[in-house]
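What follows is the residue order along each chain.
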Amino acid sequence: GAGVSQTPSNKVTEKGKYVELRCDPISGHTALYWYRQSLGQGPEFLIYFQGTGAADDSGLPNDRFFAVRPEGSVSTLKIQRTERGDSAVYLCASSFGRVGWGEQFFGPGTRLTVL
Amino acid sequence: AQSVTQLDSQVPVFEEAPVELRCNYSSSVSVYLFWYVQYPNQGLQLLLKYLSGSTLVKGINGFEAEFNKSQTSFHLRKPSVHISDTAEYFCAVSDGSGGYQKVTFGIGTKLQVIP
């Protein structure tokens, strides 16, 4: 079946602009995660959704970052007033979200470049 | 809080030679441990995981890892590497608290297999 998809694959924007990054999880997966991978680093947790609600948003760096999942499937990560330091690959993952363990399946990521 | 240390940023190895990629973790509670692989321009893929039970875990593509609680290590090994193993490998830890997997990744080790 289809895996996790993310669009766009690449996004170039100018400092101060607003961007939206989309994640389509695997059908039936109730849990969805966003991570950010900066150059030379491992992925860093941003936010976790169980269904429609953000159960843990402790990784969001500041209030310019916001994510939604209104129908419990597709999720959008929104970044306002982008800064050059926001340049990174943004990864999405989904899982069945069973209590305890549920393997996370990752999408290919969106590479965001802020000029 | 949990953290992961990958001691080697790059590991060159000749084809058909054995390899070990080192990983140490810290956590105040029981942990789940993972190794992920990231091929160029692809998403993260789970190689193997330790949840409980046998400390030697086998994964895909001939990789295995051993959980050593006393040394807080989870080193990845393969007895004979192939060119196709050239990729970046990430060690990761999660304590599963809250009923979901908030995964903390290391910075990654780039495995370069030399023909």
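Nothing here was measured: the structure is a model prediction, and the numbers come from that model.

Novice: Please explain the nonpolar core as it appears in this structure.
Specialist: Note on soluble globular proteins: their nonpolar side chains tend to be buried together. Counting residues in hydrophobic clusters, the biggest one holds 28 residues, and the most contacted among them are Leu33, Trp35, Leu47, Leu48, Phe74, Leu76 and Tyr89 of chain B. Apart from the residues lying within four places of it in its own chain, the contact partners of leucine 48 of chain B are Leu33, Phe34, Trp35, Val57, Lys58, Gly59, Phe63, Glu64, Ala65, Phe74 and Leu76 of chain B. Membership of the second largest hydrophobic core comes to 20 residues, among which are Leu32, Trp34, Ala88 and Leu112 of chain A.

Novice: Teacher, can you tell me more about the interface of chain A and chain B here?
Specialist: The accessible area lost on association of the parts is a frequent measure of interface size. Contacts between the two partners involve 22 residues from chain A and, on the opposite side, 18 residues from chain B. For the pair chain A and chain B, the interface holds one salt bridge. A salt bridge links lysine 102 of chain B to aspartate 56 of chain A; the shortest N-O distance between them is 3.6 Å. The interface formed by chain A and chain B contains two residue pairs in polar contact (both at pLDDT 80 or more). Those elements that place two or more of their residues in the side of chain A that touches chain B are strand 4 (31–37) and strand 5 (44–50) of chain A. Partitioned by chemical class, the residues of the side of chain A that touches chain B number ten nonpolar, nine polar and three charged.

Novice: Teacher, can you tell me more about the state of the cysteines here?
Specialist: A covalent bond bridging the sulfur atoms of two cysteines is what the word disulfide describes. One pass over the structure, following the stated rule, counts two disulfides over all chains. Note on cysteine connectivity: cysteine 23 of chain A is disulfide-linked to cysteine 92 of chain A, with sulfurs 1.8 Å apart. The sign of the S-S torsion, about -65 degrees, decides the handedness of the disulfide formed by cysteine 23 of chain A and cysteine 92 of chain A: left-handed. Note that cysteine 23 of chain A is positioned in strand 3 (residues 19–24) and cysteine 92 of chain A in strand 9 (residues 88–95), a separation of 69 residues in sequence. Overall, cysteine 23 of chain A belongs to the buried group, its relative accessible area being 0%. What makes cysteine 92 of chain A buried here is its relative accessible area of 0%. Disulfide pairing places cysteine 23 of chain B opposite cysteine 91 of chain B at an S-S distance of 1.9 Å. On the sign convention where negative means left-handed, the S-S torsion of about -65 degrees between cysteine 23 of chain B and cysteine 91 of chain B marks this disulfide as left-handed. Separated by 68 residues along the polypeptide, cysteine 23 of chain B in the loop between strand 3 (19–21) and strand 4 (24–26) and cysteine 91 of chain B in strand 10 (residues 87–94) bring together distant segments of the chain. For cysteine 23 of chain B, a relative accessible area of 0% corresponds to the buried category. The class of cysteine 91 of chain B is buried, set by a relative accessible area of 0%.

Novice: Hey, could you run me through the side chain of arginine 36 of chain A in this one?
Specialist: Relative to the helices and strands, arginine 36 of chain A is located in strand 4. Contact partners of arginine 36 of chain A, with chain neighbours within four places excluded, come to Gly42, Pro43, Glu44, Leu46, Pro61, Phe65, Gly85, Asp86, Ala88, Val89 and Tyr90 of chain A.

Reading guide: rules and limits
Residues numbered from 1 in each chain as written. Chains lettered and ligands numbered in written order. Predicted model: local features only at pLDDT ≥ 70, side-chain atom pairs only at ≥ 80, totals over all residues. Heavy atoms only, no water. Core = buried A, V, L, I, M, F, W, Y, C linked by side-chain atoms within 4.5 Å. Buried < 20%, exposed > 50% of the residue type's maximum accessible area, 1.4 Å probe, protein only. Contact = heavy atoms within 4.5 Å. Salt bridge = Lys/Arg side-chain N within 4 Å of Asp/Glu carboxyl O. Polar contact = N/O pair within 3.5 Å; in protein donor to acceptor, adjacent residues only side chain to side chain. Helix = DSSP H or I, 4+ residues; strand = E, 2+ residues; numbered from the N terminus. Nonpolar A, V, L, I, M, F, W, Y, C, P; charged D, E, K, R; others polar. Disulfide = S-S within 2.5 Å.

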